[in-house]
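Chain by chain, the residues:
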Amino acid sequence: MESDERVELWPLDEERLEALLDAAVADADPYEVMPPVEGPEGWTPARRQAFLDFHRSRSLAPVPVEATYAIAVGGRVAGAARLLLHQGGGDVETGVWIGRSQRGRGVGAAVVGLLLAEAAKTGARRLVATTTVDNGAARRLLAGAGAELTEDGEGGVDAVVRLG
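First, a word on scope: everything that follows refers to the structure included in this document.

## Structural notes on the sheet that holds strand β7 (residues 156–162)
Piece 1. Taken in spatial order, the seven strands line up as β1-β2-β3-β4-β5-β7-β6 in an open sheet, and their pairing is mixed. Edge positions in the open sheet fall to β1 (7–11) and β6 (148–151), since each of these has one partner strand only. Mean inter-strand twist for the sheet, computed between neighbouring axes without regard to direction, equals 25 degrees.
Piece 2. Sheet topology places strand β2 (residues 67–73) next to strand β3 (residues 76–85); seven bridges connect them, and they run antiparallel.

Set out below in structure tokens:
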């Protein structure tokens, strides 16, 4: 990553949601960035609408379920990150996707650092994430952030980072 390509988390709003969809369509597979939608492969009109509806119902609703951020690299949207505070405030769950063209450039490590800072502000004691056994990049990234990784026996890996 070049020095002028600062990584930032921008709180999601309607304008950024459109930019996020554009980034997803240009640089990610739908299965990497949203829940499955029936129909043909690729970014169909129905899948694009489902992407918008998903984010509107989760983070842009009058009472948001989670905080979603557009990941900006050098001032351009390149992915998304989310934080979901669990009941009781002990854990905050995170999820991240980064466009293919930005992977392997240090963006993920910068995002994890920013998310850890945001999670600490909530008063949570732990940041938790889930990935798959075959997602070596995510596993290395989480381990590098100090996460304890545990395979669930069904192809998944649970990660826990203790906060402050």
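## Examining the packing of aromatic side chains
Piece 1. All told, the structure shown has one aromatic pair when counted by the stated rule.
Piece 2. A ring pair is formed by Trp 43 and Phe 51, whose centres lie 5.8 Å apart and whose planes are at 75 degrees; its orientation type is edge-to-face.

## Overview of the pattern of salt bridges
Piece 1. All told, the structure shown has 13 salt bridges when counted by the stated rule.
Piece 2. Across the pair Glu 93 and Arg 82 runs a salt bridge, and its minimum N-O distance is 2.9 Å. Note that Glu 93 is positioned in strand β4 (residues 91–98) and Arg 82 in strand β3, a separation of eleven residues in sequence.
Piece 3. Overall, Glu 93 belongs to the partly exposed group, its relative accessible area being 23%.
Piece 4. Between Arg 126 and Asp 91 there is a salt bridge whose closest N-O contact spans 2.8 Å. One end of the pair, Arg 126, is in strand β5 (residues 126–132); the other, Asp 91, is in strand β4, and 35 residues separate them in sequence.

## A short note on the nonpolar core
Piece 1. Grouped together as the largest cluster of nonpolar side chains are 24 residues, with contacts concentrated most on Leu 9, Ile 71, Val 107, Val 111 and Leu 127.
Piece 2. Elements with a minimum of two residues in this core: β1, β2, β3, β4, α4 (107–121), β5 and β7.
Piece 3. Element by element, the count of residues in this core is highest for α4, at six residues.
Piece 4. Ignoring anything within four residues of it in the chain, the contact list for Leu 9 reads Tyr 69, Ala 70, Ile 71, Ala 81, Val 111, Leu 114, Leu 115 and Glu 118.
Piece 5. Listed in part, the 16 residues of the second largest apolar core include Ala 24, Ala 28, Val 33 and Trp 97.

## Regarding the environment of Leu 116
Piece 1. Turning to its location among the elements, Leu 116 is positioned in helix α4.
Piece 2. Taking the C-alpha atoms as reference points, Leu 116 and Arg 58, 58 residues apart in sequence, are found 21 Å from one another.
Piece 3. Setting aside anything within four residues of it in sequence, one finds Leu 116 in contact with Leu 127, Ala 145, Val 161 and Leu 163.

Definitions and cut-offs
Residues numbered from 1 in each chain as written. Predicted model: local features only at pLDDT ≥ 70, side-chain atom pairs only at ≥ 80, totals over all residues. Heavy atoms only, no water. Pairing = 2+ DSSP bridges. Helix = DSSP H or I, 4+ residues; strand = E, 2+ residues; numbered from the N terminus. Axes fitted to C-alpha atoms, helices over the stretch in contact; angles between N-to-C directions. Phe/Tyr/Trp six-rings, centres within 6.5 Å; stacked < 30°, edge-to-face > 60°. Salt bridge = Lys/Arg side-chain N within 4 Å of Asp/Glu carboxyl O. Buried < 20%, exposed > 50% of the residue type's maximum accessible area, 1.4 Å probe, protein only. Core = buried A, V, L, I, M, F, W, Y, C linked by side-chain atoms within 4.5 Å. Contact = heavy atoms within 4.5 Å.

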